[in-house]
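# Observations on chain architecture
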Amino acid sequence: MFIAHLPGAYLAFKAFAPKSLPTTAFIAGMIGSVAPDLDMFWFYLVDNKQHHHHDFLTHRPMLWLALFLVFWAIVKLYKPQRWTLIGMSFSTGGLIHMALDSIAGKISWLWPISDISAPLVVVQATHSHWVASFLSHWTFKVEIVITILALLVLIKSRRA
């Protein structure tokens, strides 16, 4: 995924989050949906592109699930606090990112038990640069549709 992490999370939160979700928690979900790709700074500035960024901890679904479960347990054991909803939303955004990356990227869903990973769809190298191959693949058209739908929902919600 190149452009659909934020729009995809926006659509998911608009569809499934309760209307009473505080704005700060909604924003945390949006930030969480792009947070896993902060590893790109490490990838380019420290790692020198030696490892695919999906191999870094930020692209491990178990990290995001564990984070969600910690906040969920706090909500269940104690009175829900605003920051627990923010944490649950942030980690949910990270899980949405993992699901979207699983379409054409290798995400190790069973890590740390197993490092096995396989994309749902393989994007063949049809151009000299991998980005061009992704941008010309049908999955990028799906990203465009997700983005347009999110924009339409945003416009409609602003008018309401």
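For clarity, every value in this text was computed on a predicted model and none was experimentally measured.

## Observations concerning unusual backbone geometry
- With an omega of 15°, the peptide bond between W111 and P112 qualifies as cis.
- Mapped onto the elements of the fold, P112 is located in the loop between α5 (82–104) and α6 (130–135).
- The phi torsion at N48 lies on the positive side, around 55°, for a residue other than glycine.
- Within the secondary structure layout, N48 lies in the loop between α3 (39–45) and α4 (61–77).
- Residue classification places N48 among the exposed positions, given a relative accessible area of 52%.
- In this model, K49 sits at a positive phi of 60°, which is unusual for a non-glycine residue.
- Considering the arrangement of structural elements, one finds K49 in the loop between α3 and α4.

## Re a nonpolar patch on the surface
- Among the surface-exposed residues, F2, I3, W130, L135, I144, V145, I148, L149 and L152 lie close enough to one another that they form a single nonpolar patch of about 800 Å² accessible area.
- Counting only elements with at least two residues in the nonpolar patch, the list comes to α6 and α7 (138–159).
- The element that contributes the greatest number of residues to the nonpolar patch is α7, accounting for 5 residues.
- Looking at the element boundaries, L135 is found in helix α6.

## Quick notes on the packing of helix α1 (residues 5–16) against helix α2 (residues 23–34)
- Contact geometry for α1 and α2: axes closest at 8 Å, N-to-C directions at 145°. The hand of the α1/α2 crossing is right-handed. Of the residues in α2, those in contact with H5, L6, A9, Y10, F13 and K14 of α1 are F26, G29, M30, S33 and V34.
- Residue classes in the contact of α1 with α2 are distributed as 7 nonpolar, 3 polar and 1 charged.

## Focus: the environment of I107
- The residue I107 is located in the loop between α5 and α6 in this model.
- Aside from chain neighbours lying at most four places away, what touches I107 is H54, H59, P61, M98, D101, S102, I116 and S117.

## Here's the deal with the nonpolar core
- If you look at the biggest cluster of nonpolar residues, it comprises 13 residues, and the most contacted ones within it are F13, L21, M30 and I96.
- Taken together, the elements giving at least two residues each to this core come down to α1, α2, α5 and α7.
- Ranked by residues supplied to this core, first place goes to α1 with 3 residues.
- With residues near it in sequence (within four places) discarded, M30 still touches L6, A9, Y10 and F13.

Basis of the calculations
- Residues numbered from 1 in each chain as written.
- Predicted model: local features only at pLDDT ≥ 70, side-chain atom pairs only at ≥ 80, totals over all residues.
- Heavy atoms only, no water.
- Helix = DSSP H or I, 4+ residues; strand = E, 2+ residues; numbered from the N terminus.
- Buried < 20%, exposed > 50% of the residue type's maximum accessible area, 1.4 Å probe, protein only.
- Patch = residues over 30% accessible without salt bridge, like charges linked within 9 Å, V, L, I, M, F, W, Y side chains within 5 Å.
- Areas by Shrake-Rupley, 256 points an atom, 1.4 Å probe, with all protein chains shown as cover.
- Salt bridge = Lys/Arg side-chain N within 4 Å of Asp/Glu carboxyl O.
- Axes fitted to C-alpha atoms, helices over the stretch in contact; angles between N-to-C directions.
- Left-handed = near helix turned anticlockwise from the far one by under 90°.
- Contact = heavy atoms within 4.5 Å.
- Nonpolar A, V, L, I, M, F, W, Y, C, P; charged D, E, K, R; others polar.
- Core = buried A, V, L, I, M, F, W, Y, C linked by side-chain atoms within 4.5 Å.

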